[in-house]
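Commentary on secondary and tertiary structure
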Amino acid sequence: MTEFEKMRQGLPYSPDDEELSLFRMAARRLCIERNQLDPELHEKADIIHTKLFARKGNNVVIDSAFFCDYGMNLELGDNVFIGLRCTIKDSGHITIGNNVMIGNAVTISSVSQPLLPNERIAGESELSEPIIIGNHVRVGDGCLILSGVAIGEGAVILPGSVVSQDVEPFSMVSGNPATELRRLR
């Protein structure tokens, strides 16, 4: 099994693998090209987004500087806004639904490391878990969304929150770790 296949299946994998390194470099080049564009050049940005992401819906707006590890593991729905200085570590599959607004300086990371010493295999130092962000979600500035979480439809993540567990639909969460403050419905 290749390291790419291991990564896609959520098994321990080596990020130093040559194939994965080539994929990351290709994504990095596209991100750099995209970040150097004049903000008025929407059509050119759209072409880069189409090359970079597994799926890109209509009316996707991404401010600079934006970075992702692979792009090929990232699906964006319609009417998605991603603010300034956002980073998406997409070793695992990440789905961002429709009508989602992500604030500035947000990190979404589907990458984790094995915690127990007997789970740490030499050369296989990363794990990937999918992240799902539902429709009509708002993520405030400076948030960190960690691997393996699902954020339900209509949820609001207040600025600076660290999301390490699933977020119920139509709930407002805040803090480190993020906890529910109230229901929005």
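Residues numbered from 1 in each chain as written. Predicted model: local features only at pLDDT ≥ 70, side-chain atom pairs only at ≥ 80, totals over all residues. Heavy atoms only, no water.

A word on helix 2 (residues 18–35)
Basically, it comes down to this: Only DSSP runs of H or I with at least four residues qualify as helices, and only runs of E with at least two residues qualify as strands; both kinds are numbered from the N terminus onward. Multiplying one less than the number of residues by 1.5 Å gives the expected span of a helix. Only protein chains enter the accessibility calculation, which uses a 1.4 Å probe; a residue whose area is less than 20% of its type maximum is buried, one above 50% is exposed, and one in between is partly exposed. What the arc covers is the set of directions going from the helix axis to the C-beta atoms.
Look at helix 2: 25 Å from first C-alpha to last across 18 residues, which is about the 26 Å you get at 1.5 Å a residue. For helix 2, the complete set of buried residues consists of L20, R24, A27, L30, C31, R34 and N35. The arc that holds the buried residues of helix 2, viewed along the axis, is 135°, so those residues lie on one side. Facing away from the buried side of helix 2 by over 90 degrees, the exposed positions are E18, L22 and R29.

A few points about the sheet that holds strand 12 (residues 131–133)
Let me state the cut-off plainly: Here, a strand pair is defined by DSSP locating no fewer than two bridges between the strands.
Strands sit in the order 1-4-7-12-15 across an open sheet of five strands; the sheet is parallel. Two strands close off the open sheet at either side, each with one partner strand: strand 1 (55–56) and strand 15 (150–151). By the bridge criterion, two bridges tie strand 12 to strand 15 in an arrangement that is parallel. What sits directly across from I132, in strand 15, is A150.

Here we look at the packing of aromatic side chains
Which entries qualify depends on this criterion: Classification of ring pairs rests on two measures: the distance between centres of Phe, Tyr or Trp rings, Trp counted by its six-membered ring, which must be within 6.5 Å, and the angle between planes, read as stacked under 30 degrees, edge-to-face over 60 and tilted in between. A ring has a charge above it when a Lys NZ or an Arg CZ is no more than 6 Å from the ring centre and no more than 35 degrees off the ring normal.
Counted under the stated rule, the structure contains two aromatic pairs. Each ring, one from F4 and one from F23, has its centre 5.3 Å from the other, and the planes form 65°; the classification is edge-to-face. Remark: F23 occurs in helix 2 and F4 occurs in helix 1 (residues 3–8); sequence separation between them is 19 residues. When its relative accessible area of 26% is taken as the criterion, F23 is described as partly exposed. On the basis of an interplanar angle of 85° and a centroid distance of 6.0 Å, the ring pair of F53 and F66 is categorised as edge-to-face. On the criterion of sequence distance, the pair formed by F53 in the loop between helix 3 (42–52) and strand 1 and F66 in strand 3 (residues 66–68) is long-range, its members being 13 residues apart. Judged by its relative accessible area of 6%, F53 falls in the buried class. On the basis of relative accessibility, which here comes to 1%, the residue F66 falls in the buried class. When the ring centre of F170 is taken as origin, the NZ or CZ atom of R185, which lies over that ring, is 4.1 Å away.

Quick word on the environment of H49
How we decide: Residues are treated as being in contact if the distance between any of their heavy atoms lies within 4.5 Å.
With respect to the helices and strands, the residue H49 is situated in helix 3. Given a relative accessible area of 3%, H49 falls into the buried group. In sequence terms H49 and M7 are 42 residues apart; their C-alpha atoms lie 22 Å from each other. When sequence neighbours within four positions are dropped, the list of residues in contact with H49 reads R34, K56 and I62.

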